[in-house]
Structure formats: structure tokens, C-alpha cells
Amino acid sequence: MPTNEQRRASAKRKLERQLERRAQQARRRRLLTIVGGSIGALLVVALVGYSVWYANHNKNDKATAAAAESSAAADSTTTSAAPAEPTQLPPLPLFKPSADVGANCLYPPSPELASKPAKPPRTGRVPTDPATVSASMVTSEGRIGLLLDNAKSPCTVNSFANLAQQGFFDDTKCHRLTTSPTLGVLQCGDPKGDGTGGPGYQFGNEYPTDQYAPDDPALHHPVIYPRGTLAMANAGPGTNSSQFFMVYKDSQLPPEYTVFGTIQDDGLATLDKIAQAGVSGGGEDGAPATEVTIKSVLLD
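Throughout this description, residue numbers start from 1 for each chain and increase along the sequence as written. At least 70 in pLDDT is required for a residue's local features to be given in this predicted model, at least 80 for side-chain atom pairs to be given and counted, and no such filter applies to totals for whole chains, interfaces and linings, which use all residues. Just so you know, side-chain values use all the structure's heavy atoms and leave hydrogens and water out.

What counts, and what does not: UniProt positions are given in the numbering used here, feature names are shortened, and annotations may be inferred rather than shown by experiment.
As recorded in an unreviewed UniProt entry, the chain goes by the name Peptidyl-prolyl cis-trans isomerase [Mycobacterium leprae TN], listed as coming from Mycobacterium shimoidei. Per UniProt, the chain carries the Function (unreviewed entry) text "PPIases accelerate the folding of proteins. It catalyzes the cis-trans isomerization of proline imidic peptide bonds in oligopeptides."

As C-alpha cells, then:
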């Protein structure tokens, strides 16, 4: 039978074991609390980080989409705003008859003296009938038949016919040939042969210039002067004199050069031959490689 001392020792060991178990349980609880808190904190941090990332990612996606839409809109605006290159320039405007055509033809003296003696044509009203007048130009390279448009540009035809009847164009050289992609012309009518000569008088523009208001911007925009056009050369408004050019291929020019006739098929064949020989010394503008001299211009 255990003694009192043995029972006390047994009770003491039992109490020590209970205290140890309680201490272990307390340590486990503290550890779980710490671990749980850490995990919770980590979850909170992760959740916050994810929220921030998601918000930023979503924001960037929206910004990227907005930028793409903006860029597409900008591209669309640029595409639609940029003027398309015209596939074809407008032709010469349709002629609108006016009572003023040929009503007051004036030929005042030019600043330059006549490079070959010539009398100015009659002034005032000139007839517009017949509507066309045929003429024959004989050159060193062949014949060039012309049909002068007296109905549209009577003041110009009046001057050209006057100079032709005086022999002003006889034995003069065609001093300029242009063979650029947008301009194909042979220019003649200067007795000096260098582009500076004239008859000592000048006059204003007619068709197609007179189809525009003086302040119309379209007056300075290119149109097509078609192959076969006969037109006056000038150095600005009101400076027409004796120099003219013949268009052998569709050419781009502002409507600031008076059209006063057309070139017949025989003349176009002659011009084609001259143009094929090219410009003297190469290039696209200058004296013709084949010298061209006008022998005579006669009204038919």
C-alpha cells in the first residue's frame, strides 16, 4: 500500500505533466495564431497586389484600346482629309458666249520696242463671223494646218491674222520645245528667236480666261489644254503679243493662256516629228534639237 510520501510524489508528477501539456497547447496556439496571422497578412497583401495589378492592367488595356481607336480615327481622318491626287485634271471650261466678246479690242504699245516692223491691227469691235478661219503655216519641217477660233477669241485672231498678212512670222524660228510629262508644246512667233521679241504692242486675254471671275482662285489652278490646241504665250495678264504655242500632247496649265484655235492632223504629225527629235542638248525645255523655221503663214 503506497505511503503518503509516494502519493504526494505521484500527484506532483501528474501535475507537472498536466502543466507541461498546457504549456505545449499554449505554445501551439501561439504558433497557430502567428502562422494564421502571417498567412492572413500575406493573403491581404496578395489580394491588394492583385487588385492593384488588375486595376492597372485593365486600365492599360483600356488605354491601349483607346489609343488604338484614337490612332485608327487619326489614320481615318488623315486618309479622308488628305486630298487625293486627281486622276484627271478638269478640261478647258465650256465657252459661254457674251456680248462683250470682240466688242472692244485694244492693242496698246508694249514696254518693249518691236523686234520686227509691224502695224497694230484695227481696234474697237471686230467681227466674230465667220466663227472659224483656216490658215496654213509652212515650216522647214512640214506644213501645219490651223483653224482659228474667231468666235471665242476674236481679238486674238484679229492680231494673228494682221501679223500673218504683214509677213511678220516669215523666216522666224520656233525657239522653244517643251517635252516634260505634264507639258508638251512648241513655241513660236518671236522674230528674235530667244523668247523676248514681239511686234511692239500687246493685248488682253480672251477664252478661257474670260470664263472666270478675276478673283476666282480656279483661274490659277491647272486644267488640261488638249493635244491640238493653239494658244498665246504671255508674260502675265495683258501681255499677249506675237508669240504662240502649239500643244502636241495633253498639257497642264492654268487657264491664263488664250486659246485661239486648233491644229489640223497634218500639223500634229509635223509637231510629233519635231517633238520626237527632242530638245537641243537634252533636257525637257529649250530650243528644238531639229531647227524649226516658219517660212510663211497664209490665211486660206
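Okay, back to it.
## Comments concerning the overall build of the chain
How we decide: The secondary structure listing takes helices from DSSP runs of H or I that are at least 4 residues long and strands from runs of E that are at least 2 residues long, numbered from the N terminus. Any two residues whose heavy atoms approach within 4.5 Å at even a single point are treated as in contact. To measure how exposed things are, a 1.4 Å probe is used in the Shrake-Rupley method; for residues, cover is taken only from the protein chains shown.
Helix and strand counts for the chain stand at 3 helices and 12 strands. Long-range contacts, defined here as pairs at least 24 residues apart, represent 74% of the contacts in the chain between residues at least 6 apart. Per element, the accessible surface of the chain, about 17400 Å² overall, is 57% carbon and sulfur.

## Notes on the side chain of Thr 156
With respect to the helices, strands and loops of the structure, Thr 156 is situated in helix H2 (residues 154-165). Contacts of Thr 156, omitting those with residues within four sequence positions, involve Phe 203, Glu 206, Met 232, Thr 258 and Phe 260.

## Observations concerning H2
Stated formally: The span one expects for a helix is its residue count, reduced by one, times 1.5 Å. Think of it in three bands: with a 1.4 Å probe and only protein chains considered, a residue is buried below 20% of the maximum accessible area for its type, exposed above 50%, and partly exposed in between.
Over its 12 residues, H2 extends 16 Å from the first C-alpha to the last, a length consistent with the 16 Å expected when each residue adds 1.5 Å. Counted residue by residue, H2 has 11 buried out of 12 residues, so it is predominantly covered. Listed in full, the buried residues belonging to H2 are Pro 154, Cys 155, Thr 156, Val 157, Asn 158, Ser 159, Phe 160, Ala 161, Asn 162, Leu 163 and Ala 164. Each element contacted by the buried residues of H2 is listed here: strand E2 (142-149), strand E7 (229-232), strand E8 (244-249), strand E10 (259-263) and strand E12 (293-299). At the exit of H2 stands Gly 167, carrying a positive phi of roughly 75 degrees.

## Concerning helix H3 (residues 265-277)
Rule in force here: Throughout, the arc means the angular range of directions from the helix axis out to the C-beta atoms.
End to end, H3 covers 19 Å across 13 residues, agreeing with the expected 18 Å (1.5 Å per residue, within 8%). When we look at burial in H3, the residues that qualify are Gly 267, Leu 268, Thr 270, Leu 271, Ile 274 and Ala 275. Down the axis of H3, the sector holding all buried residues measures 160 degrees, keeping them to one side. Exposed side chains of H3 directed beyond 90 degrees from the buried face belong to Asp 265 and Gln 276. The inward-facing, buried residues of H3 abut strand E1 (132-139), E2, strand E4 (176-180), strand E5 (183-188), E8 and E10. Just downstream of H3 lies Gly 278, where phi reads positive at about 85 degrees.

## Notes on the state of the cysteines
Counted only if it meets this: Disulfides are defined as pairs of cysteine sulfur atoms found within 2.5 Å of each other.
Going through the model one piece at a time under the given rule, you end up with 2 disulfides. At a sulfur-sulfur separation of 1.9 Å, the disulfide partner of Cys 105 is Cys 155. An S-S torsion of about -80 degrees defines the bridge between Cys 105 and Cys 155 as left-handed. Remark: Cys 155 occurs in helix H2 and Cys 105 occurs in the loop between helix H1 (4-81) and E1; sequence separation between them is 50 residues.

## Let's talk about the pattern of salt bridges
The test is simple: A side-chain nitrogen of Lys or Arg and a carboxyl oxygen of Asp or Glu constitute a salt bridge if their distance falls within 4 Å.
For the structure shown, the criterion picks out 6 salt bridges. The salt bridge partner of Lys 173 is Glu 291, with a shortest N-O separation of 3.3 Å. One end of the pair, Lys 173, is in strand E3 (residues 172-173); the other, Glu 291, is in the loop between strand E11 (285-286) and E12, and 118 residues separate them in sequence. Relative accessible area serves as the criterion here: at 49%, Glu 291 is assigned to the partly exposed category.

## Considering the sheet that holds E3
Which entries qualify depends on this criterion: Strands pair, by our definition, only if DSSP identifies at least two bridges between them. Axis geometry follows a simple rule: fit a line to the C-alpha atoms, using only the stretch in contact for helices, then measure angles between N-to-C directions, giving values from 0 to 180 degrees.
On the basis of which strands lie adjacent, the open sheet formed by 10 strands has the order E3-E12-E1-E2-E10-E7-E8-E5-E4-E11 and antiparallel pairing. With partners counted over all chains shown, the strands left at the sheet margins are E3 and E11, one partner each. Examined bridge by bridge, E7 and E10 share 3 bridges and lie antiparallel to one another. For Thr 229, the partnering residue across the bridge sits in E10 and is Thr 262. H2 contacts E2, E7, E8, E10 and E12 of the sheet and is inclined by roughly 140 degrees relative to E2. Running over the sheet, H3 touches E1, E2, E4, E5, E8 and E10 and is turned about 125 degrees from E2.

## Section: unusual backbone geometry
Of note, the amide linkage connecting Asp 129 to Pro 130 takes the cis form, showing an omega dihedral of 10 degrees. Following the sequence through the fold, Pro 130 ends up in the loop between H1 and E1. Backbone torsion omega between Tyr 207 and Pro 208 reads 5 degrees, so that peptide bond is classified as cis. Relative to the assigned elements, Pro 208 resides in the loop between E5 and strand E6 (223-225).

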